[in-house]
Amino acid sequence: MELLANQVFWTAILANFLAQTLKLFLYYLLEGRFQWERFLETGGMPSSHSATVSALAMGVGFQEGFGSTLFAVAAIFALIVMYDATGIRRAAGLHAQLLNQLVQELQQVLEKGPAPEPLKELLGHTYLEVLVGALLGALVAFLSFHLFPAA
């Protein structure tokens, strides 16, 4: 029951929800139609992972103090997640894109059998997507802890 009253937890969940919702509207503006599956996908603008861990770290900072050991742990965790999003996960997405292209070209040359299901390409993030996600998370935490201060 304590988790249900945990402001840091709900702040991070809210940041994730807002980032995923923003993706729906941004892609609607770009493509002219809602793609509801984007709500559950990784990758894209803004980074929901970055928004979540940024809100988590900032929430811990507001609640426990920015000089606390717990804030240091949350901040390092956030940095690792954001680094991973722009590094390893982004590279895996670029590799998937290249492999899909190669398979498609090979399929055209061989003209044999059904084409395999393409690999998921939208895995990681650009630096801008991570930055916007991190700023969104920090803003959500700031508003959460300043509009609804803990008793």
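Residues numbered from 1 in each chain as written. Predicted model: local features only at pLDDT ≥ 70, side-chain atom pairs only at ≥ 80, totals over all residues. Heavy atoms only, no water.

Under an unreviewed UniProt entry, the name given to the protein chain is Divergent PAP2 family protein, and the organism recorded is Thermus brevis.

Observations regarding the packing of aromatic side chains
To be explicit about the condition: Between rings of Phe, Tyr and Trp, where Trp is taken as its six-membered ring, a pair exists when centres lie within 6.5 Å; planes separated by under 30 degrees are stacked, by over 60 edge-to-face, and by other angles tilted. Three labels apply to residues, based on accessible area from a 1.4 Å probe with only protein chains included: buried if under 20% of the type maximum, exposed if over 50%, partly exposed otherwise in between.
Considering all chains together, one arrives at seven aromatic pairs under this definition. Taking the centre distance of 4.5 Å and the plane angle of 20 degrees together, the rings of tyrosine 28 and phenylalanine 34 count as stacked. Measuring from ring centre to ring centre gives 5.3 Å for phenylalanine 62 and phenylalanine 66, while their planes differ by 85 degrees; the resulting arrangement is edge-to-face. On the accessibility criterion, phenylalanine 66 (42% relative accessible area) is partly exposed. Aromatic rings pair up to connect Phe62, Phe66, Phe71, Phe142 and Phe145 into one cluster.

Some thoughts on the packing of helix 2 (residues 48–64) against helix 3 (residues 69–86)
Counted only if it meets this: Structural elements are reduced to axes, namely lines fitted to C-alpha atoms, with helices fitted over the stretch in contact, and the angle between N-to-C directions of any two is expressed from 0 to 180 degrees. A helix here means a DSSP run of H or I that spans at least four residues, while a strand means a run of E at least two residues long, and both kinds are numbered starting from the N terminus. Orientation categories follow fixed angle ranges, with anything under 35 degrees roughly parallel, anything over 145 roughly antiparallel, 65 to 115 roughly perpendicular, and all other angles oblique. Contact definition: two residues touch when any of their heavy atoms are within 4.5 Å. Three residue categories are used. Nonpolar comprises Ala, Val, Leu, Ile, Met, Phe, Trp, Tyr, Cys and Pro, charged comprises Asp, Glu, Lys and Arg, and polar comprises the others, including Gly.
Two elements in contact, helix 2 and helix 3, have axes separated by 9 Å at closest approach and are oriented at 170 degrees. Overall, the two elements helix 2 and helix 3 adopt an arrangement that is roughly antiparallel. Between helix 2, through His49, Ser50, Val53, Leu56, Ala57, Val60, Gly61 and Glu64, and helix 3, the contact on the second element is made entirely by Leu70, Phe71, Ala74, Ala75, Phe77, Ala78, Val81 and Met82. Grouping the amino acids of the contact of helix 2 with helix 3 by side-chain chemistry returns twelve nonpolar, three polar and one charged.

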